[in-house]
Amino acid sequence: MSVASPDSISNVASAARLALSVRDARKAYGFVTALAGASLDLHEGEIVALLGDNGAGKSTLIKAITGIVTLDSGDIELDGRPLRLRSPADARASGIETVFQDLAVFDNLTVSDNFLIGREQTWPRWLGPLGLLSAGQEQRQWREHASALSVSHVSPSQEIGLMSGGQRQAVAVARAVAFARRVVILDEPTAALGVRESDEILTMVRRLPERGLSVIIVSHNMDHVVRVADRAVVMRQGRSVGEMTVRQGVQKDLVAMIMGVT
Amino acid sequence: MEAHVDIAGKSSETAAGRRDYLSVLLWLLQAGPIIILVTLVVAFGLLAPHFISVRNLQNLLAQSAIVCALGLGQFLVILVRGVDVSVGSVIALSVVTVATLTGVDQPSSVALVIYPLVGLIVGLINGFLIVKGGIPQPLVVTVAMLGIVAGVALLISGGNTLVGVSPAVHWLANGKVLGIPAGALMVLVLAGLFWLMLRRTQWGRWLYAVGGNPDVAQWVGLPRDRLIMSAYAICGTTAGIAGMLYHGRTGSASPLSGIGYELDAITAVVVGGASLFGGRGSITNVLFGALIIATIRSGLQQLDVSPFWSSVAIGIGILLALELDVLRKHIETRIRTLRARQVSQ
Ligand SMILES: Nc1ncnc2c1ncn2[C@@H]1O[C@H](COP(=O)(O)OP(=O)(O)O)[C@@H](O)[C@H]1O
Ligand SMILES: [Mg+2]
């Protein structure tokens, strides 16, 4: 097991307040242990890269923080308070937004539908979900938020299933970024993208701390990690096995840590 | 997009050309049901002299009203990747329940509420079993319910047919407003309401979302289980309404009412272009699908073709519709890859 050398532990981050912390998270699917006591600290305004080989448990940890997976044991705290997640809606209500692995969009809905899903405003209010939607207002909302994104020229009324992978991912990222209040989580957001599309998304991620947001990003591309992350946490077999401050040129060290070569 | 075309040059222009051609094809597929309906009506009109007569068209509308009503609810269920084959026996149960509760010689308008209420209860049970029962296969659950509900209808009625129906129900099924069958009008109003709820409310959008991607729907925090339950509940309710029209048309309450109607309902939805993969389809196309079935039946009858053939024709229609849906998926994937190529160039 490789442990971070003392000088590599982030001093920038530890000065800031803790935004999110996971302690000793455990989760088993039948005989498969996905999480075997994973821990993770995320400071305010910090971008943490969550690294590890396939099957290390990264997605499961993220799903636990997002309320999709219920942990067998372990604690999650947001801003020092225990986070009780009974459903993904709870996580969203707490200000945590997620871009899931594998293009988590609704192919049969339009761009603005996807962007606002679950947050639609209806009229009259007392009718609840049976209230009417306003297409015009929704398209305006999309235009306001999309101006910063590579998809801003895409019509909000376009069906997302007919768009390229990069455009669809950009909408998914926009959905998370626009509405997050505390934490943005991105699970392999650039896995299916070309160079230019990745570039746009990474630039956007880099700017999130300006809004006081903290970021967890999963990636297998060490160049991407070095470009955006302040700190890297490495997982192996369901545990956090090391961490490292991210600077120019640490790519090789990161790979070594992921592979478990000391 | 324009900016990319400038840089990309020639090859992406041809890609864009192919994409436009594919988009037209996609549009044609979506407009398919109305094109098929018009073609059928014109063809039968030319072949059978009395096909396009007021009387026959009135008859056709009145006949298709029951399948239309069933199709509206069935569409919601298919939209969320389910299917409900218990609707035929819901017709029987609603008819028998009304006849038993209100009596046939004491016409009562309370009956108007009982039909849909019976359907609602069965629909809620279906939805509950599928969502909470942890049985992942809606077909099997509703097949079981088909048997149970049909059995209950037989038990309640003791196997007897009660002749007679309340005047209000009789009028709804057989009366006319300005020459248009009242039942057809009622279903049209209902369809308008469904269209509004599906296309203009949050509930409707969420239903499409759940059908399009059930996992992501849950991940983004939509009340997936309740949405699926609501689809089955409404499907049951429209089956109860279909039972009311059925009662009015036959004028008697038989526990064997509605047998086989579940197939017509599912056919109407599928021929109307809704996808069994979920998340695709429209209310208007469901109506066209129901009218296509009724037109094939009535047209072949006018041409003195054996009714056995209409079974064959409708069966072929289902298979064609399913293949066209696969083709649609294929075209969408092509458009997507062409677009991706264009962007990356
Ligand atoms: N729903 C599930 N059911 C069964 N096993 C699962 C499930 N999700 C993940 N796993 C298993 O848990 C382990 C961790 O998976 P995951 O969190 O997806 O890893 P990563 O995202 O790091 O590649 C893997 O062995 C995987 O096969
Ligand atoms: Mg993963």
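The structure under discussion appears in the preceding block.
Residues numbered from 1 in each chain as written. Chains lettered and ligands numbered in written order. Predicted model: local features only at pLDDT ≥ 70, side-chain atom pairs only at ≥ 80, totals over all residues. Heavy atoms only, no water.

Caption draft 1: Structural context of the environment of B:Ile241. Looking at the secondary structure, you find B:Ile241 in helix α11 (residues 224-250). C-alpha of B:Ile241 to C-alpha of B:Pro136: the two residues are 105 residues apart in sequence and 28 Å apart in space. (Helix = DSSP H or I, 4+ residues; strand = E, 2+ residues; numbered from the N terminus.)

Caption draft 2: Up close: the packing of aromatic side chains. Going through the model one piece at a time under the given rule, you end up with five aromatic pairs over all chains. An angle of 40° between the planes, with centres 5.5 Å apart, marks the rings of B:Phe44 and B:Phe51 as tilted. The pair formed by B:Phe44 and B:Phe51 is uniform in burial state, with each residue classed as buried. Aromatic ring contacts, followed pair by pair, group A:Phe115, A:Trp142 and A:Phe179 into a single cluster. The ring of A:Tyr29 has A:Lys27 lying over it, and the distance from NZ or CZ to the ring centre is 5.6 Å. Looking at B:Lys329, its charged tip hangs above the ring of B:Phe277, at a distance of 4.1 Å from the centre. (Phe/Tyr/Trp six-rings, centres within 6.5 Å; stacked < 30°, edge-to-face > 60°. Buried < 20%, exposed > 50% of the residue type's maximum accessible area, 1.4 Å probe, protein only. Lys NZ or Arg CZ within 6 Å of the ring centre and 35° of its normal.)

Caption draft 3: Expanded view of empty space enclosed by the protein. On inspection of all chains with the given rule, the structure shows three cavities of 30 Å³ or more. By volume, the largest cavity is sized at about 90 Å³. Surrounding the largest cavity, A:Thr66, A:Pro88, A:Ala91, A:Arg92, A:Ile96, A:Glu97, A:Thr98, A:Phe100, A:Arg175, B:Trp219 and B:Val220 form its lining. Of all the secondary-structure elements, those providing two or more residues to the lining of the largest cavity are α3 (88-93) and β6 (96-99) of chain A. Looking at the lining of the largest cavity, its residues break down into six nonpolar, two polar and three charged. (1 Å grid on protein atoms, 1.4 Å probe; cavity = no way out; pocket = protein on both sides within 12 Å on 5 of 7 lines; lining within 4 Å. Points joined across faces, edges and corners; volume = space filled by probe spheres on them. Nonpolar A, V, L, I, M, F, W, Y, C, P; charged D, E, K, R; others polar.)

Caption draft 4: Seen up close, the sheet that holds strand β5 (residues 81-82) of chain A. All names here are of chain A. Here we have four strands laid out as an open sheet, ordered β2-β1-β4-β5, and antiparallel in their pairing. Only two strands of the sheet have a single neighbouring strand rather than two, namely β2 (32-43) and β5. Sheet analysis places strand β1 (residues 18-29) next to β2, joined by nine bridges and oriented antiparallel. Bridge pairing in β2 places Ser21 opposite Asp41. (Pairing = 2+ DSSP bridges.)

Caption draft 5: Structural detail: the interface of chain B and chain A. The interface is formed by 30 residues belonging to chain B together with 36 residues belonging to chain A. Run the count over chain B and chain A and you get four salt bridges. The residue B:Arg205 makes a salt bridge to A:Asp113 at a minimum N-O spacing of 3.1 Å. Applying the counting criterion to the chain B and chain A interface returns 13 residue pairs in polar contact (both at pLDDT 80 or more). Secondary structure elements with two or more residues in the side of chain B that touches chain A: α8 (182-200), α9 (202-212), α10 (214-219) and α14 (307-344) of chain B. The element contributing the most residues to the side of chain B that touches chain A is α9(B), with seven residues. Looking at side-chain class alone, the side of chain B that touches chain A contains 15 nonpolar, nine polar and six charged residues. (Contact = heavy atoms within 4.5 Å. Salt bridge = Lys/Arg side-chain N within 4 Å of Asp/Glu carboxyl O. Polar contact = N/O pair within 3.5 Å; in protein donor to acceptor, adjacent residues only side chain to side chain.)

Caption draft 6: Molecular detail of the site of ligand 1. Residues and elements named next belong to chain A. Neighbouring ligand 1 are Tyr29, Val32, Ala34, Asp53, Asn54, Gly55, Ala56, Gly57, Lys58, Ser59 and Thr60. Between Gly55 and ligand 1, the recorded distance is 2.7 Å, taken from a backbone N or O atom to an oxygen atom. One nitrogen or oxygen atom from the side chain of Ser59 is found 2.8 Å from an oxygen atom belonging to ligand 1. Of all elements in the fold, only β2 and α2 (58-65) reach the threshold of two or more residues within the shell around ligand 1. Of the residues forming the shell around ligand 1, the biggest block, three residues, is contributed by α2. When grouped by side-chain class, the residues that make up the shell around ligand 1 number four nonpolar, five polar and two charged. (Near = heavy atom within 4 Å.)

Caption draft 7: Inspection of helix α3 (residues 54-79) of chain B at higher detail. Residue and element names in this part refer to chain B. Compared with an ideal rise of 1.5 Å per residue, which puts 26 residues at 38 Å, α3 spans 35 Å between its outermost C-alpha atoms and is within 8% of the ideal. Its axis deflected by about 35° at Ala65, α3 carries its strongest bend there. Buried residues dominate α3, accounting for 20 of its 26 residues. Immediately downstream of α3, the backbone of Arg81 shows phi near 70°, a positive value. (Expected span 1.5 Å × (residues − 1). Bend = angle between axes of the 7 residues up to and from the residue.)

Caption draft 8: Quick look at the pairing of strand β3 (residues 47-51) of chain A. Residue and element names in this part refer to chain A. Burial runs high along β3: five of the five residues are buried. Here β3 shows two buried faces, one formed by Ile47, Ala49 and Leu51 and the other by Val48 and Leu50. Across four bridges, the pairing between β3 and strand β8 (residues 214-218) is parallel. Looking across to β8, one finds that Ile47 is bridged to Val215. Bridging between β3 and strand β9 (residues 231-236) involves four bridges; their strand directions are parallel. Directly across from Val48, in β9, lies its bridge partner Arg231.

Caption draft 9: Structural view of the sheet that holds β3(A). All names here are of chain A. Strand order in the open sheet made by the six strands is β6-β7-β8-β3-β9-β10, with mixed pairing throughout. One side of each edge strand has no neighbouring strand; the edge strands of this open sheet are β6 and β10 (239-245). Going across the sheet, the axis of each strand differs from the next one's by a mean of 20°, ignoring polarity. Against the sheet, helix α6 (residues 165-179) makes contact with β6 and β7 (183-187), and its axis sits at roughly 170° relative to β6, the strand it touches most. (Axes fitted to C-alpha atoms, helices over the stretch in contact; angles between N-to-C directions.)

Caption draft 10: Representation of the pattern of salt bridges within the structure. Per the stated rule, a full pass over the model turns up 24 salt bridges over all chains. Two residues, A:Asp107 and B:Arg336, come together in a salt bridge whose shortest N-O distance is 3.7 Å. One end of the pair, A:Asp107, is in the loop between β6 and α4 (111-116); the other, B:Arg336, is in helix α14, on a second chain. Assessed through its relative accessible area of 18%, B:Arg336 is described here as buried.

Caption draft 11: Quick look at the environment of B:Ser298. Residues and elements named next belong to chain B. You can see Ser298 is positioned in helix α13 (residues 283-302). Looking at Ser298, the relative accessible area reads 5%, which means it is buried. Taking C-alpha positions, Ser298 is 9.0 Å from Asn59, a pair spaced 239 residues apart along the chain. Excluding its chain neighbours within four sequence positions, the residues that come into contact with Ser298 are Phe51, Asn56 and Leu60.

In short, geometric facts, not functional conclusions.
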